[in-house]
Every structure is written in C-alpha cells, then in structure tokens.
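Breakdown of the fold
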Amino acid sequence: MKRLTIPAKLSRLTQPSSASHIWKPANRPTRIGTYNSSITNCVTGQTSKVPPVRRATPAGVNSTVADANFTRSETSVNASSVSTTGAGKAINKRIPPYDFKARYNHLLERHKALKEKFEEKCEQIGKLETLPEQFKEVQSHLASTTEELKNTKTEKEYLQRQVKSQQQNIELLTDSLTSITGEFEKLKRAYKKLQREHDELSIEVPKVREQSADLVDKNFKLMESIAICKEQLFRSNVERKELHNAVMDSHGNIRIFCRVRPPLDFERHKLLCGWNYVDESTLEIFNCDPLIKAKNKGHSFSFDQVFHQSSKQEDIFQLVAPLIQSALDGYNVCVFAYGQTGSGKTFTMDGTIGNPGVILRTIDLLFDSIKAYRNLGWQYQIKVQFLEIYNEVLYDLLDNEPKELEIRMTRSEKNGIYISNITQETVENADRLRQLMRIAKMNRATAATAGNERSSRSHAITNIELIGSHAEKHCTSIGSINLVDLAGSESLKTSMRLNETKNINRSLSELTNVILALLQKQDHIPYRNSKLTHLLMPSLGGHSKTLLFINVAPFQDCFNESLKSLRFAASVNQCKIAKARRVRILNTSNFQ
C-alpha cells in the first residue's frame, strides 16, 4: 500500500509545531470520512496526555478546596475536548474533514486555553505550599490542648470514683448496721425459743432414757438372733457342700464325656462313619469303608454322657458346672480333652468369641459364685498360672523369657506338686483373667498337620487356685481347677514333624499306662514317666474330681483313630478311684 503524503500547503501550516508531534498514518487502507478524523484524534490525544500537576495538599478544608478546583479544571478541559473532538450532536457547525488549517487553528486555541488554566493552577499550588506548615502548627497546638483535656478528664474521673467509693462505703455501713440489728433481734427470739425447748426436753429426758434401755435390749436380742441365723446358714452351706459332694460321688470321681463334632462347611463332601446314638450315654460306630466286603459289625461304647453332632456348648457346660462348684467347696478338679488332631478338643475347651467353651464359661461362673458367697461370709482369692508341655519341656505362657521350670513335690500333702519359677498372678475380676488367657493362647505352640491347618502341638494347662476364707469361723478352703487341652495325636505315617509327634504320642501313651495302672490297682503308678502324668498326678491320684472329654471326628478316614480314642475312654471308665478328699483347714486365724 502506498504511503499518503501531506500537501505542501498543509506542511507549511504545521511547521511551527514540535517535531515530536509529526503525524504518521497507519499502514492500512483509508476510509472515506475517517482519515482526517484519525489525524485529529492523534493530535488531540498527544495534547491530552500531559496530566495536570497535583501537589500534596493539607488535610481538612484546604485539601477539599484544592480537590474541588482540580475537579472543575478537569471538567472544563473534558467539556472543551468533547466540544472539539467529535460529539457531533453538541456542535451545529462541523469543520470539514479536508480543512486541516481550520482544524489546526482550532487545536491551537484549545492548547492556549489549557495552557492558561495550567498556569492558573500553578499559581494556586504556589499559594497552597505554606498550608502544611500552618497545619503542623495547628496540629501541635491541638495535640497539646488534647493532652491537657485528657489529663483534666482523668483527674475528674479519679475524683468521681473516690466520691462514688465513699458513697458505697456509706451505703454498706448503713446496710450492715441494719442487718446486724435484724440479726440481733432474731438471735434474741431464737434464744427465747431454745430456752422454751430446753425446758420441754428436760421433761422428756427420763422417758427417752427408758426407751433407749428398751432398744438396747431389743438390739442385743436381734444380734443374738442374727448370730444364730448366720450359724444356721453356715451349717446349711456345709451340709449343702456335703450333699453336693455325695451327688458327685454317686456319678463317680472320674467321669467320661464323649463328643462327636459336626463336619464343617468345607468338609461336607467327606465320607462319614456310621454313628448310632442309642441313648444319652451310649453310642455305636460303624465302618463305612466301601472296600470292606464283609459285613461290618458296629462297636458299642457307654460313657457318662454322649454328645452328638448337634450338641451346643451351653448343654455341655451345664454338666461341667457342678465340678466348678466342687472346686469352690475345696476340692481339686481336673477337666481335660483327649482325642486325635482335628477332633474338636480346642473348640470344646476354648470355643470362639461368639460361642465360648468350657474355660471361658468357667471364668464367668466362678466370679458369679464368688459374688454370691460373699453374702455367706466367704472371701475368695484367685490365683492363675498358664503353662504348656512341648516336647517334654515346660514353658510359662505368661512370660516369654527363657527359664527352667521344674515339677516339685510339696511337703504338706502326699501327692501335692507345684511348678518352680512359673508366673502366678492374682486376679480380681473376670476381664483380667480373660486378658491373661488371650496372652497365653497367643504364646501356645501350634503348627499345621495333615488333619488340621493349626493343630495344637503342645499340652496347654490352665491352673486356677481358689483360696477361700471365712473370717468369723476362722477356716480356710483351698480348691483348684486344672483345665487341660491335650495336644492332637496323629499317626507317624501322616506326620511331617516326626520328633514332635513322637513326644506327643509318648506322653499320651504314658497317660494311658497311668490310668491302666490305677485300674489294676498296682502298687507303683508310673506318674514320673512323662511331664504330663507327673503334673496331673494330684488330678489322677484320688484327690480330685476328674472329667475326661473324648473328642472324635465323624469321618471315615478317621475311623481307626476314633476307635482307639473310644477304647481308651472305655478303659478309663472302668477305673475305680478312691473317694475324693476335700482340702479344708480349720481354725487358721492367721490366714492372709
């Protein structure tokens, strides 16, 4: 696009202006009626770019006047600009776009007018330069006057507070005098009233003394009656213990319970043995192996109680509870579970959180019974210890520190034993005992076997010692509960832990030998052939009431092991043990 040139006549007109105001058209095509207006706008914009000079004005009225003058000057400039730059409606006569001279002259006039206004404003600003000094003087005078006024107000307030305080003191003294006068009158009236009451009570004193003597006599008679009732209650409790023991003796000091566990959900596909529950104490087992051609005859066994697959934990513990009562009465009680791996021994003894077994239910029953015994004058102290026998070595389940535990004989009893260096803790409530049981359960040795993913590979023994004392009768009752969860027995052919399995089977075999020796009434009973039998010697030797759970699995592949367990239980059932003896100490006033 060609650049537009200014005619010579117009260039002569624009020579007096500064070189910085030379107009240069944009490199774009021109439009009719807009080319000259763009030149005008350019010139006008350059002129309006010079801002008015504003100086700092003092606060107050002078700053307001300066702002108002400045506002009026800007308004006039803008009005002039509007009248010359293009608000077409306000101007009747418009300068033609091609008349550059007229437009230039018009701009010169505007520039001259703005220059005059600028000079006028500069004069005004010069006059206002002295205002800050005056303002500072006035401000300092105002500050001093304000400070004096503030001090005067403070003085006034202090005096007012003093006056108010004195007035309050006067009012308080007046109120105090009034109240003291009123209280004095009340005390006078109270004194007269008390004097009248004293006269009345002096008359009633002889009557009250006679009534007091009658009440003392009645109280003495009631105390004698209470002592007689306590004595009768104590004797009835002793008689109740004897009757309870007679009932337990009628069932036998060693009782055998057999429990057949149900198959779990993932075991539904397994072949079951034939089971026939003749009555509540007799069952028959049949071999259902399809490879056996000859007709199989069932094996019948009788025990004190038989629990079928649908039996509940509550039903089982209902028959165990009388033994726990015997322990509170001062007898030694032993409950242990026997059976092959995976037959349900641990479930019977421990159970689950929602379905507790014998041990957890024993804890609840103990503390409920102890609470009831307090009404009879008995106070009980409970001591517990947890241990396991693993590979014929004793371990403390409440202490992970390695230490040597030994079974030693007591001097007080013929067959009494105790464990040296074992942790024994006194518990005050059931929650603490449950907490100790959880710790012991976590420390017990378990491992996977062919019959159970987590089989108990050790004999776990929970010993609870119950020490009861009667302060008035000066007697002590000592009983104990041994809750034993035996290790799972399995065949050496199916075991991957041969040495461990040998020790387990050996201890169970020695347990069988001890029971057979008792059955045959031999002079020597081989208690010390294994740690298990040595530890259970008080429970098997006639000084306790023993309950043996025989747990069997219902499957065909467990038929031989189930048959062995049932035969072992049948031989134990024939064992006749001497009458159980209660551990009771009378007239021991120094019991702690």
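Residues numbered from 1 in each chain as written. Predicted model: local features only at pLDDT ≥ 70, side-chain atom pairs only at ≥ 80, totals over all residues. Heavy atoms only, no water.

The test is simple: UniProt positions are given in the numbering used here, feature names are shortened, and annotations may be inferred rather than shown by experiment.
Looking at an unreviewed UniProt entry, the protein chain carries the name Kinesin-like protein, with the source organism given as Glossina palpalis gambiensis. The Subcellular location (unreviewed entry) comment attached to the protein chain in UniProt states, word for word, "Cytoplasm, Cytoskeleton". The heading Sequence similarities (unreviewed entry) in the UniProt record of the protein chain holds the text "Belongs to the TRAFAC class myosin-kinesin ATPase superfamily. Kinesin family. KIN-14 subfamily."

1. Here we look at the pairing of strand β15 (residues 475–485)
For a regular strand, side-chain orientation follows a simple rule: the groups alternate between the two sheet faces. How we decide: Think of it in three bands: residues with accessible area under 20% of the maximum for their type are buried, residues over 50% are exposed, and the middle band is partly exposed, with areas taken using a 1.4 Å probe on protein chains only. A helix here means a DSSP run of H or I that spans at least four residues, while a strand means a run of E at least two residues long, and both kinds are numbered starting from the N terminus. For two strands to pair, DSSP has to find at least two bridges joining them.
Of all 11 residues in β15, 10 are buried, a share of seventy percent or more. Judged from the 11 bridges that link them, strand β14 (residues 459–470) and β15 form a sheet pairing that is antiparallel. Paired with Leu 466 across the strands is Gly 479, a residue of β15. Counting the residues that bridge the hairpin from β14 to β15 gives 4 residues, and of these His 474 lies at a positive phi of roughly 55°.

2. Here's the deal with the packing of aromatic side chains
For clarity, the threshold we go by: Only centres within 6.5 Å qualify two rings of Phe, Tyr or Trp (six-membered ring in Trp) as a pair; their planes then separate them into stacked at under 30 degrees, edge-to-face at over 60, and tilted for everything else. For a lysine, the NZ atom is tested; for an arginine, the CZ atom; a charge sits over a ring if that atom is within 6 Å of the ring centre and within 35 degrees of the ring normal.
Summed over the entire model, instances satisfying the criterion amount to 7 aromatic pairs. An aromatic cluster is built from Phe 234, Tyr 373, Trp 378 and Tyr 380, whose rings are joined through pairwise contacts. Directly above the aromatic system of Trp 378 lies the positively charged group of Lys 241, at a separation of 4.5 Å from the ring centroid.

3. Here's the deal with unusual backbone geometry
Located in the positive-phi region is Asn 421, a residue other than glycine, with phi close to 65°. Within the secondary structure layout, Asn 421 lies in the loop between β10 (417–419) and β11 (425–427). Even without a glycine there, the phi angle at His 474 is positive, about 55°. Residue classification places His 474 among the partly exposed positions, given a relative accessible area of 38%.

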